[in-house]
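Descriptive structure summary
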Amino acid sequence: MGGIVFKQHINKAAGGPGRLEKVKVGLIQFQLSAPKTDMEQQVIVSDNAAIDRLAREEKKYILKMVKKIAKTGCNLVLIQKSILRDAVNVLSLHYLAKKGIMVVTDIERDEIEFICKTLGCRPIASIDAFDKEKLGEAAMAEEIFTSEGRVLQITGVKNPGKTCTIFVRGSNKLVLEEADRSIHDALCVVRCLVKEKSMIAGGGAGECEVSIRLRRYADTQLGGLDSYCVKAFSEALEVVPYTLAENAGLHPIKMVTELRKQHNDGKKFAGINVKQGTISNLWDENVRQPLLVSTSAMSLASEAVQMLLKIDDCVATR
């Protein structure tokens, strides 16, 4: 979708707006509530005059912040979640509602960067730094209803960044989690293709072909200990098709033996066809995977083995 969706609800405790047009978004990292001291202290008030003075000072303090926010034309405030004190209180919500400003609280810290890139705004750390140059603009902000409750949707962003929001719906939580994993896997595949624009046949075809060529290289051009090391590496590569066949409910030894035979016959695109339970040309069947997936796995496995070989001794401790 063109915009962004927040799982946090609009705070309507004081009757604030639930739908806005020509939105100007401010992302703040400070609290719209009475300040607290850095140290844990208590203030004991003994007379009514002091209570009234404290209430007036709090009202004056919050009203000053709300007026400065409204002066910039901001009508949607996103407030970062804080552990120090409440992000808003009843008084600040009241004044914000009177100014027609929508309030969304409990924005997580790890969401700040994505929100800024999407809405074209900048985080504001204090009320003194609040100005209209740091605001993001959008066409509309409104609540939409789902089976799990309400979510905030902002669309028509004026200066959208290079981000994308995918709004996933499902009949239950299990379906949503599975859809989320599938989308994540698809994005990882795209990322691999962007970094390395090459593809190979899937089904363990690449690993089996490399294994066979390494074994030939060790038998024909190497000798001694080097030959044994290369052969051991080639045998380790067959773990990939072996595991694939085992997870698919097939006979792993039979499938790997047949796969090795076909690669020895020159069928370099032969791989394990999980759906049919046979060995077939997976390149023609469009079963492919990014080259970076296999090369990264080989590199990481080789680095792990090198690290283990550097261990000289193990000391038992209790």
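Residues numbered from 1 in each chain as written. Predicted model: local features only at pLDDT ≥ 70, side-chain atom pairs only at ≥ 80, totals over all residues. Heavy atoms only, no water.

**Description of the packing of helix α5 (residues 205–220) against helix α6 (residues 225–237)**
As a reminder, the rule being used: Between N-to-C directions, angles cover 0 to 180 degrees, with each direction set by a line fitted to C-alpha atoms, over the stretch in contact for helices. For helices the rule is a DSSP run of H or I covering at least 4 residues; for strands it is a run of E covering at least 2, with both sets numbered from the N terminus onward. Orientation is classified from the angle alone, with under 35 degrees giving roughly parallel, over 145 giving roughly antiparallel, 65 to 115 giving roughly perpendicular, and any other angle giving oblique. Two helices crossing with the near one rotated counterclockwise from the far one by less than a right angle form a left-handed crossing, whereas a clockwise rotation gives a right-handed crossing. Contact criterion: two residues are considered in contact whenever any of their non-hydrogen atoms come within 4.5 Å of each other.
Closest axis-to-axis distance for the α5/α6 pair is 8 Å, and the angle between their directions is 165 degrees. Considered as vectors, α5 and α6 are oriented roughly antiparallel to each other. Classified by chirality, the crossing of α6 by α5 is left-handed. Contacts between α5 and α6 involve E207, V210, S211, L214, R215, Y217, A218 and D219 from the first element and S227, V230, K231, F233, S234, E235 and L237 from the second.

**Digging into the packing of helix α1 (residues 48–71) against helix α2 (residues 90–98)**
Keep this limit in mind: When residues are grouped by polarity, Ala, Val, Leu, Ile, Met, Phe, Trp, Tyr, Cys and Pro land in nonpolar, Asp, Glu, Lys and Arg in charged, and all others, Gly among them, in polar.
At a minimum axis distance of 10 Å, the contact between α1 and α2 shows a crossing angle of 40 degrees. In terms of their interaxial angle, α1 and α2 are classed as oblique. The interaxial crossing formed by α1 with α2 has right-handed handedness. Contacts from E58, K59, I62, L63 and V66 of α1 reach α2 at L91, S92, Y95 and L96. The residue inventory of the contact of α1 with α2, partitioned by class, reads six nonpolar, one polar and two charged.

**Looking at the packing of aromatic side chains**
The geometry of an aromatic ring pair comes down to the distance between the two centres and the angle between the two planes. Just so we agree on the cut-off: Here a pair means two rings of Phe, Tyr or Trp (six-membered ring of Trp) with centres within 6.5 Å. Their orientation is stacked below 30 degrees between planes, edge-to-face above 60, and tilted elsewhere. Only protein chains enter the accessibility calculation, which uses a 1.4 Å probe. A residue is then buried if its area is under 20% of the maximum for its type, exposed if over 50%, and partly exposed in between.
With the rule as written, the count across this model stands at one aromatic pair. Arranged with centres 5.3 Å apart and planes meeting at 20 degrees, the rings of F269 and W283 form a pair that is stacked. Taken together, the residues F269 in the loop between α8 (252–264) and β9 (270–273) and W283 in the loop between β10 (278–281) and β11 (288–290) connect sequence positions 14 residues apart. The class of F269 is partly exposed, set by a relative accessible area of 30%.

**Topic: helix α4 (residues 173–195)**
Selection criterion: In this scheme, a helix's expected span is set at 1.5 Å multiplied by one less than its residue total. Whenever a nitrogen or oxygen atom comes within 3.5 Å of another N or O atom, the pair is scored as a polar contact, on the condition that within protein one atom can donate a hydrogen and the other can accept it, and that pairs from neighbouring residues in sequence are kept only if both atoms are in side chains.
Helix length check: α4, at 23 residues, gives a terminal C-alpha distance of 33 Å against a target of 33 Å (1.5 Å per residue), a fit within 8%. The N-cap of α4, judged by a side-chain oxygen 3.1 Å from the amide nitrogen of L174 a few residues on, is N172.

Geometry only, nothing functional implied.
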